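Coordinate analysis (summary)
The chain contents come next:
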Amino acid sequence: MYFFAFFIHFLNFTVKMRAKGGIPMFKFHQPDVMHIKSITLLVLDLKRSIEFYTDILGFSILEKTIKEVKLTVNHKDTLVTLIEDRAAIPYDETLGLYHVAFLLPSQKCLAETIRRLTEKRYPITGASDHGVSQAIYLDDPDGHGIEIYTDYDESLWPQDDSNLNMFTEPLNIHKIMSKLGDSSMDKLSEETIIGHLHFHVPTLEEGIKFFCDGLGFKVTLRYGPSAIFIADKDYHHHIGMNTWLNNAELTKEKQIGLKSYVLHVPKDQYFPFLKRLQNEHITLFTDGERSYLVDPMFQKVYIDTL
């Protein structure tokens, strides 16, 4: 009887601590893990983009100027920065961003997102079960690819001869939607983060040299000869790379697309990180007080250690 009471007390404590941030919701995106924190996109029409990201996806505005807006889910951290350039070259199939993936804390949150998209009559381009995660796909008004997903518990991730095995099967939408409660949410969960980025790269060899040999990510899965997934600390992937557009051009500086992203590097790994950059002849630039790299797609990678 005493043990049962203690167990219930522990569960209640765990739920409260998780809600307050005392227990990490996403263990693979903590300060001791290298991961993507935020992105900056160039858009044609800021008003149109704000309506999409706030009214349809459920972000909130953190800061706004005439030509730029910072979007948040928790009212303190920027996840997405949008910069307007009405004279920019429209989006095209170029090397660079394939999609940005927003990670939600639960299947219920994913169901809420699907409900909002359905009510707003906004089209999705795909819905998949990957064994490690459940995801939907769509494009923003400028054509930037977006994945919205939730992870399975890592104990359920499929293995093949002790190696991670991701796959693509149809998402069971009805099962996801059964997670909806009586109340509805018009905003993304405050725990939403960027789970990963997926890039069209010139070659996998160039991607591995920069992201693995230079930055320090490890290969978790190869998808035939044309795609690879890499991560830190045994996540299924913090970055995906493919050569499905290997004949495409690089995104031009004044073209719609991903312009930069922030990479968190754990403090205790910063000096080994710098050593790897030196060994691979990757230049670390400075922009005021910020340090950045340039990836193989000529996108800026700002380094954060906080």
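Residues numbered from 1 in each chain as written. Predicted model: local features only at pLDDT ≥ 70, side-chain atom pairs only at ≥ 80, totals over all residues. Heavy atoms only, no water.

**Some points on the pattern of salt bridges**
- A complete count under the given rule lists 13 salt bridges for this structure.
- Of the charged contacts in the structure, one is a salt bridge between Asp-45 and Arg-86, with a shortest N-O distance of 3.5 Å. With a gap of 41 residues between them, Asp-45 in the loop between β1 (35-43) and α2 (46-57) and Arg-86 in the loop between β4 (78-84) and β5 (96-104) connect regions that are remote in the sequence.
- With a relative accessible area of 21%, Asp-45 lands in the partly exposed category.
- A relative accessible area of 55% means that Arg-86 is categorised as exposed.
- Close ionic contact of Glu-119 with Arg-115 constitutes a salt bridge, the shortest N to O distance being 2.8 Å. One end of the pair is Glu-119 and the other is Arg-115, both in helix α3 (residues 107-119) and four residues apart, which spans about a single turn. (Salt bridge = Lys/Arg side-chain N within 4 Å of Asp/Glu carboxyl O. Helix = DSSP H or I, 4+ residues; strand = E, 2+ residues; numbered from the N terminus. Buried < 20%, exposed > 50% of the residue type's maximum accessible area, 1.4 Å probe, protein only.)

**Here we look at α3**
- Counted at 1.5 Å a residue, the expected span for α3 with its 13 residues is 18 Å, and the 18 Å between its end C-alpha atoms agrees.
- When we look at burial in α3, the residues that qualify are Cys-109, Leu-110, Ala-111, Glu-112, Thr-113, Ile-114, Arg-115, Arg-116 and Leu-117.
- Buried-residue contacts for α3 involve α2, β5, β7 (133-139), β8 (145-151) and α4 (173-177).
- At the C-terminal side of α3, Arg-121 shows a positive phi close to 55°. (Expected span 1.5 Å × (residues − 1). Contact = heavy atoms within 4.5 Å.)

These results come straight from atomic positions and should not be treated as a statement about function.
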